[in-house]
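Inside the fold
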Amino acid sequence: MTVQPPEPSPRPAPSGALRASHDDREAVVEQLRDAAAEGRIDFDELDARLEQALTAKTHAELAVLTADLPRPPSVEDRPALVLKGGLYGASRGPGRWEVPGRVVAHGGVGGVRVDFTRVECRLPEVVVEAYGETSGVTIVIPDAWVADTSGMDPGTGGLKDETTTDRLPGTPLIRLTGSGGVGGVVIRHPNRRERRKLHSNPTDG
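Calculation rules
In every chain, residue numbers begin from 1 and rise along the written sequence. Residue-level local features of this predicted model are given only where pLDDT is at least 70; pairs of side-chain atoms are given and counted only at 80 or more, and the full residue set underlies all totals for whole chains, interfaces and linings. Where side-chain values are given, they derive from all heavy atoms of the structure, hydrogens and water being excluded. A run of H or I in DSSP becomes a helix once it reaches four residues, and a run of E becomes a strand once it reaches two; helices and strands are each numbered from the N terminus. Buried, partly exposed and exposed residues are distinguished by accessible area as a fraction of the type maximum, computed with a 1.4 Å probe on protein chains only: under 20%, between the cut-offs, and over 50%, respectively. Only heavy atoms matter for contacts: two residues are in contact if any of them lie within 4.5 Å across the pair. Surface exposure here means Shrake-Rupley accessible area, sampled with a 1.4 Å probe, where a residue is shielded only by the protein chains that are shown. Pairing between two strands is assigned when DSSP locates at least 2 bridges connecting them. In this description, a line fitted to the C-alpha atoms serves as the axis of each element, helices being fitted only across the stretch in contact, and the angle between N-to-C directions of two axes falls anywhere from 0 to 180 degrees. Side-chain atoms within 4.5 Å are what join buried Ala, Val, Leu, Ile, Met, Phe, Trp, Tyr and Cys residues into a set we call a nonpolar core. Residues form patches when they are more than 30% accessible in relative terms and have no salt bridge. Like charges link within 9 Å. Nonpolar side chains (Val, Leu, Ile, Met, Phe, Trp, Tyr) link within 5 Å. The salt bridge criterion pairs a side-chain nitrogen of Lys or Arg with a carboxyl oxygen of Asp or Glu, the two atoms within 4 Å. Stacked, tilted and edge-to-face are the three classes assigned to paired rings of Phe, Tyr and Trp, where Trp is represented by its six-membered ring and a pair needs centres within 6.5 Å; plane angles under 30 degrees give stacked, over 60 edge-to-face, the rest tilted.

Observations concerning the overall build of the protein
- Within the protein, the secondary structure is distributed over four helices and 10 strands.
- Ordered by position in the sequence, the α and β elements of the protein form the string α-α-α-β-β-β-β-β-β-β-β-β-β-α.
- Classification of the 205 residues of the protein by burial places 35% in the buried group.
- Looking at the protein alone, contacts between residues at least 24 apart form 68% of all its contacts between residues at least 6 apart.
- Accessible surface computed for the protein: about 12700 Å², of which carbon and sulfur atoms make up 53%.

Below you can see the structure in the form of structure tokens.
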């Protein structure tokens, strides 16, 4: 009996040979239109490139169309969002807002609240530096998101983590760092009142 050698496993396709999605094509179309508005390409060239973008089948075909254009800023390039509670407090959300890769919250005297429940975030991870200071920081994340609080110093005010570990694929991890200070830091999912408001006004903000 002869032993057949194992069949070689298929090699992954080069990144440029990967099939382009509707979102990939739309992103290139938007970049081309911005380039025309900035005077980088004329309108005849824009029409030609748009036609090629809309019919492109692979990432390589799309890459050729923008190779001579500046790379648009990515989500990761956004500067950190810094919130300072000061005397009167500060908050971001619950409406829709652009989430950078890093959020810094200083509770101060008035406290800070960061609400992610209505945002759309494609980042795999968001670092939240929370410093409770005097009045604390509250962070609210959607039910499908999870948090890693292992890098957090609870301080005297403590850390209250009321999140679950049920993470939905494609959602970001909130990596919590910083110090609880005197006021403490709370990270949780929406409470009953907030959940009712989300359900009654799903597109609010």
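Description of the sheet that holds strand β7 (residues 146-153)
- Read across the open sheet, the five strands follow the order β1-β3-β5-β9-β7; overall the sheet is parallel. In this open sheet, the two edge strands, each paired with only one partner strand, are β1 (81-84) and β7. Taking the axes of each pair of neighbouring strands and ignoring which way they run, one obtains an average angle of 15° across the sheet.
- The pairing of strand β5 (residues 125-131) with strand β9 (residues 173-179) spans seven bridges and is classified as parallel. By the bridge assignment, Val126 is partnered in β9 with Ile174.

Re the nonpolar core
- Counting 25 residues, the largest nonpolar core has Phe116, Val126, Val128, Ile139, Ile141, Ile174 and Leu176 as its most contacted members.
- Breaking this core down by element, the ones donating at least two residues are β1, β3 (102-106), β4 (112-115), β5, β6 (137-140), β7, β9 and β10 (185-188).
- When residues of this core are assigned to their parent elements, the largest contribution, three residues, is made by β5.
- Of all hydrophobic cores here, the second largest spans 14 residues; its members include Val29, Ala53, Ala56 and Leu65.

Regarding a nonpolar patch on the surface
- Among the surface-exposed residues, Leu87, Tyr88 and Val109 lie close enough to one another that they form a single nonpolar patch of about 410 Å² accessible area.
- Within the secondary structure, Val109 sits in the loop between β3 and β4.
- The class for Val109 is partly exposed, based on a relative accessible area of 47%.

Section: the pairing of β9
- The pairing of β7 with β9 spans six bridges and is parallel. Pairing of Asp148 across the sheet is with Arg175, part of β9.

A word on the packing of aromatic side chains
- The final tally for this structure, using the stated rule, is two aromatic pairs.
- Note on Trp97 and Phe116: the rings are 5.2 Å apart at their centroids and 40° apart in plane angle, and the pair reads as tilted. Here Trp97 is found in the loop between β2 (90-92) and β3, whereas its partner Phe116 is found in the loop between β4 and β5, with 19 residues between them in sequence. Here the two residues Trp97 and Phe116 agree in accessibility, since each one is buried.
- A ring pair is formed by Phe116 and Trp145, whose centres lie 5.7 Å apart and whose planes are at 50°; its orientation type is tilted. Taken as a pair, Phe116 in the loop between β4 and β5 and Trp145 in the loop between β6 and β7 lie far apart in primary sequence, 29 residues in all.

This is a description of form; function is not addressed.
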